[in-house]
Amino acid sequence: MNRIVEARFLAPDIKLFRIEAPKIAEKRKAGQFIILRVHPDGERIPLTIADSNKKDGTITIIVQGVGKTTRQLNNLETGEYIQDLVGPLGKASDIENYGTAVSIGGGVGTAIAFPTAKALKEAGNHVISIIGGRTKELVLLEDEMRAVCDEVYPTTDDGSYGFHGFVTQKLQELINAGIKIDFVLAIGPIPMMAAVAEVTKPYGIKTVVSLNPIMVDGTGMCGGCRAIVDDKTVFVCVDGPEFDAHKVNFNILTKRNRMYLLQEKISNEHYCKLDKKIKEEEVAVL
Amino acid sequence: MADITPKERMAIKRHHMIEQDADVRNKNFSEVNLGYSVELAQEEALRCIQCKKPLCIDGCPVMINIPAFIKKIEEGDFKAAAAILKKDNALPAVCGRVCPQEEQCEKVCTVGKKNAPVAIGYLERFAADWERNNLGIQLAEKKPPSGKKIAIVGGGPAGLSCAGDLNQMGHDVTVFEALHDIGGVLIYGIPEFRLPKAIVKAEVEGLKKMGVEFKTNSVIGLTDTIDELLQEYDAIFIGVGAGLPYFLNIPGEQLNGVYSSNEYLTRVNLMKAYDFPRSDTPMFNIEGKQVAVFGGGNTAMDAVRTSLRLGASRAMIIYRRTEAEMPARIEEVKHAKEEGVEFMLLAGPLEFKGTDDGWLKSVTIQKMELGEPDASGRRRPVPIEGAIEEIPIEVAVIAIGNGSNPIISKTTPDLNVNKWGNILVDDNSMKSSKKGVFAGGDIVTGGATVILAMGAGRKAAKAIDEYVRNKESW
Ligand SMILES: Cc1cc2nc3c(=O)[nH]c(=O)nc-3n(C[C@H](O)[C@H](O)[C@H](O)COP(=O)(O)OP(=O)(O)OC[C@H]3O[C@@H](n4cnc5c(N)ncnc54)[C@H](O)[C@@H]3O)c2cc1C
Ligand SMILES: Cc1cc2nc3c(=O)[nH]c(=O)nc-3n(C[C@H](O)[C@H](O)[C@H](O)COP(=O)(O)OP(=O)(O)OC[C@H]3O[C@@H](n4cnc5c(N)ncnc54)[C@H](O)[C@@H]3O)c2cc1C
Ligand code: SF4
Ligand code: SF4
Ligand code: FES
């Protein structure tokens, strides 16, 4: 059991948790993740370690409520416990001084990109961060990014804040302005990562994406997280999660992530009903 | 009963185990075999002629004193029978259920020369179950504390037996397990209908009561490295199993509906997907689907029988060779057939085909025939030209074996492994190339059996005991 020492919403449905996990806090490197279960019958879900604090032995995760488990998680409050948590899993990001590095985060992807952006800065890069959101309140971690990056550009699809347009358009604008970009890190929804890869490919800019297949064990035991990179099968949990964007088969990744679409819906409805029933019972008790 | 002659003993027919009816059990996850009653067990025990030279003992990898424990059953002293088993086998209730007896103890049983062999496995299971149900797990005696600390990496049968023995020898033992629960393949692989989780749980509880400490959610190599553990512990035993699934490497393996047996069985067993949506982990909806399982071992049988229980309309084993070469226990193949599994033998997959949006819809099969015997004397399957068939399926499970997981070897460069990643050890002492580090079980041998893994754990425990007590030797 791991105690939640801080839980707060950053945006609707997006919640930050600081959780006691001293060993992981000590060990983890940028790019690695944990797997947790919310309760004894819970699913094992992977979440990136957004940050850590060795002094108080906590790690930070930032969670977007998209289905049953992430919504259950987002119902937890400060002082409550997580059933269990394992990590740090996966390979750490390859951090080098590339020169100028652009970190692109879409939605909760910004949280996943944050630790690597920070590490890139610490390695001496000039780091430009593009933070994308559909609308203003979904632009995440702007202050945190400003603290560790040289330039930060929020973008919104609806133009309610920052640059009006997609993160890829902002990236193209930077390239067109003649900025020499040596490295791009793109993390977010699969179509966004695929689009970034398209933009950087003609310029030969080294581009890395973090893949988010469905996982079970996270140790290379089940093969459920397999993806196709450079025409070869990889196990994302141990060979990744970061890969060369120009070699990833995004099409197959997209299809594989739809594997449990139907079950996810059932699970969610089951959860909503339970949730409603519990709330009704609570009301009845009152 | 003492006046019964050997001839009369040999004339008694082997007693069947009571089992759930095939048409009932293929729809539930409860155990198939229901065990012997006291009467049946005692009657079966009568069949053992108490050989002067009991070949059965040599057939058992851990050399259980088989005639002695069977004698105790005959006499009705089940507690003593269980105690004899426990001397050489830390998990008799498990081995009685899953050992390939027909290849080991029962293969060489004297009675088996003319008749069916004594049902050693069923009797072992009976004695162990009797003890657990009537007396609870009996705690062994413990030597005075040695002050030595030992880390066991992996909570499968190899690790558990090593931990149990070292604990009895007076050492302070901690088991590190990557998953959130203890038991290895016994809990994530072998299904409930063959090995109820409660049995493994009871054994683990016994170890806990004896003072063995368990640290789940610890992936050694990542959470801690072997070198870090060596700073805190006097010795380490690595029993991490063979947990890296092989795929067929044919086109279409990335389609939705294609699983490794590890993933398939882990979802259903460890993550309880059969109880979805009460339990959160989803499983592809198998109901009414056609399922093909590739392979011929226990894992393949477990996966195909699981499919039936999840409601498959058609559940097939597709295997390259013939039934004679199938590595699965005979009983599993028999049970599978009774439950309605189809066997497609001498057939190898060529390609999976799918729909445009990525769902599996068929497999193309190459039919084979037996050719000339190869170097091993086995007749090799060779493709029959043009005999290619496309079979509609929505789910495929690949159960063709496991390699070794590289997480530990990658983070422990001075630990020698062979080209398949198996840790190299001295056969007698189970010592690896790295001082203080021992290994055993599937990570050393490649996928084998529960009893061999346990035997390796015990052997290592002995060597570790010697090593930590007078550390100079390596
Ligand atoms: C290495 C890695 C790091 C991740 N880091 C973060 C993070 O920091 N913050 C965050 O909010 N999300 C992160 N994710 C995604 C997160 O794991 C999924 O959103 C979560 O598992 C969904 O579970 P659910 O039950 O709430 O939703 P479901 O109802 O199960 O699914 C909703 C959606 O999530 C996808 N999904 C389902 N199960 C998984 C799974 N086990 N792994 C990945 N995707 C899945 C489905 O395809 C679907 O689109 C990460 C994923 C990976 C692989
Ligand atoms: C489906 C299936 C059915 C089988 N049926 C039979 C049968 O009927 N009869 C029989 O005799 N044998 C059977 N076997 C084989 C038998 O289960 C194995 O030979 C045996 O379990 C090996 O034991 P082990 O302790 O070496 O490894 P495992 O049982 O694999 O246990 C290893 C443990 O180590 C953990 N681990 C792995 N990596 C790490 C790490 N880095 N850090 C910490 N922990 C780690 C794993 O999570 C696991 O819990 C079957 C196998 C399978 C898969
Ligand atoms: S442990 Fe296995 S081989 Fe040994 S006696 Fe028992 S069933 Fe037979
Ligand atoms: S070989 Fe068979 S008959 Fe002889 S002692 Fe062993 S079990 Fe009994
Ligand atoms: S999640 Fe099981 S192998 Fe990657």
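Please refer to the structure higher up on the page.
Being a predicted model, the structure only gives us computed values, none of them experimental. (Residues numbered from 1 in each chain as written. Chains lettered and ligands numbered in written order. Predicted model: local features only at pLDDT ≥ 70, side-chain atom pairs only at ≥ 80, totals over all residues. Heavy atoms only, no water.)

## A word on the overall build of chain A
- When helices and strands are counted, chain A shows nine helices and 17 strands.
- Its C-alpha atoms give chain A a radius of gyration of 19 Å, near enough to 19 Å, the size a compact globule of 286 residues would have.
- Burial status across chain A gives 56% buried among its 286 residues.
- Pairs at least 24 apart in sequence give 65% of the contacts found in chain A among residues at least 6 apart. (Helix = DSSP H or I, 4+ residues; strand = E, 2+ residues; numbered from the N terminus. Rg over C-alpha atoms; globule rule 2.2 N^0.38 Å. Buried < 20%, exposed > 50% of the residue type's maximum accessible area, 1.4 Å probe, protein only. Contact = heavy atoms within 4.5 Å.)

## Quick word on the site of ligand 4
- Surveying the vicinity of ligand 4 reveals the residues B:Cys48, B:Ile49, B:Cys51, B:Cys56, B:Pro67, B:Cys109, B:Thr110, B:Val111 and B:Ile120.
- Of the residues in the shell around ligand 4, the class split is eight nonpolar, one polar and no charged. (Near = heavy atom within 4 Å. Nonpolar A, V, L, I, M, F, W, Y, C, P; charged D, E, K, R; others polar.)

## Quick word on the site of ligand 1
All names here are of chain A.
- Near ligand 1 there are 23 residues, and of these Pro46, Ile62, Gln64, Thr70 and Asn257 occur at the shortest range.
- Here threonine 48 contributes a side-chain N or O atom positioned 3.0 Å from a nitrogen atom of ligand 1.
- One of the backbone nitrogen or oxygen atoms of asparagine 257 is found 2.6 Å away from an oxygen atom of ligand 1.
- Calculation on ligand 1 without its partners gives an accessible area of 840 Å², and the protein chains cover 88% of this total. (Polar contact = N/O pair within 3.5 Å; in protein donor to acceptor, adjacent residues only side chain to side chain. Areas by Shrake-Rupley, 256 points an atom, 1.4 Å probe, with all protein chains shown as cover.)

## Topic: a nonpolar patch on the surface
- Together, B:Tyr246, B:Ile400 and B:Trp420 give the surface a local cluster of nonpolar side chains, amounting to about 330 Å² of exposed area.
- Its place among the elements puts B:Tyr246 in the loop between β7 (244–245) and β8 (258–260). (Patch = residues over 30% accessible without salt bridge, like charges linked within 9 Å, V, L, I, M, F, W, Y side chains within 5 Å. Salt bridge = Lys/Arg side-chain N within 4 Å of Asp/Glu carboxyl O.)

## Here's the deal with the pattern of salt bridges
- One pass over the full model with this rule turns up 52 salt bridges over all chains.
- Note that A:Asp41 and B:Lys272 form a salt bridge whose closest N and O atoms lie 2.7 Å from each other. Of this pair, A:Asp41 sits in the loop between β3 (33–37) and β4 (45–48) while B:Lys272 is found in the loop between α13 (261–268) and β9 (290–294), placing the two residues in two different chains.
- Note on B:Lys272: relative accessible area 28%, which makes it partly exposed.
- The closest approach of N and O atoms between B:Arg25 and B:Glu338, which form a salt bridge, is 2.7 Å. Of the two residues, B:Arg25 sits in helix α2 (residues 22–25) while B:Glu338 sits in helix α15 (residues 330–339), which places them 313 residues apart along the sequence.
- Classification of B:Glu338 as partly exposed rests on a relative accessible area of 34%.
- Connected through shared salt-bridge partners, B:Glu19, B:Arg25, B:Arg194, B:Asp302, B:Arg305, B:Arg309, B:Arg329, B:Glu331, B:Glu332, B:Lys334, B:Glu338 and B:Glu339 make up one network.

## Structural notes on helix α5 (residues 167–176) of chain A
All names here are of chain A.
- Among all positions of α5, only Val167, Thr168, Lys170, Leu171, Leu174 and Ile175 are buried. Each buried residue of α5 sits inside an arc of 160° when the element is viewed along its axis, so together they form one side.
- On the buried face of α5, the contacting elements are β9 (100–106), β10 (126–133), β11 (151–156), β12 (163–164), β13 (183–187) and α6 (190–200).
- Positioned one or two residues after α5, glycine 178 has a phi angle of 90°, which is positive. (Arc of directions from axis to C-beta.)

## A short note on the sheet that holds strand β13 (residues 360–373) of chain B
All names here are of chain B.
- If you trace the three strands from one edge of the open sheet to the other, you get β12-β13-β14, paired in antiparallel fashion. One side of each edge strand has no neighbouring strand; the edge strands of this open sheet are β12 (347–354) and β14 (379–392). If you compare each strand with its neighbour and ignore which way they point, the axes differ by 20° on average.
- Strand direction decides the pairing type here: β13 and β14, joined by nine bridges, are antiparallel. Across the sheet, serine 362 pairs through a bridge with proline 392, a residue of β14. (Pairing = 2+ DSSP bridges. Axes fitted to C-alpha atoms, helices over the stretch in contact; angles between N-to-C directions.)

## A word on the nonpolar core
- Formed by 78 residues in total, the largest nonpolar core has its most connected members in B:Ile66, B:Phe69, B:Ile70, B:Ile73, B:Ile152, B:Leu166 and B:Ile464.
- In terms of residue count, the dominant contributor to this core is helix α18 (residues 450–469) of chain B (11 residues).
- Ignoring anything within four residues of it in the chain, the contact list for B:Ile152 reads B:Gly159, B:Cys162, B:Ala163, B:Leu166, B:Val173, B:Thr174, B:Val175, B:Phe176 and B:Phe237.
- Grouped together as the second largest cluster of nonpolar side chains are 58 residues, A:Ile128, A:Ile205, A:Ala245 and A:Val248 included. (Core = buried A, V, L, I, M, F, W, Y, C linked by side-chain atoms within 4.5 Å.)

## A look at the environment of B:Val382
Residues and elements named next belong to chain B.
- For valine 382, the location among the structural elements is in strand β14.
- With relative accessibility at 31%, the residue valine 382 sits in the partly exposed group.
- Taking the C-alpha atoms as reference, valine 382 lies 9.0 Å from glutamate 372; in sequence the two are 10 residues apart.
- In contact with valine 382, not counting residues within four places along its chain, are Lys367, Met368, Glu369 and Gly371.

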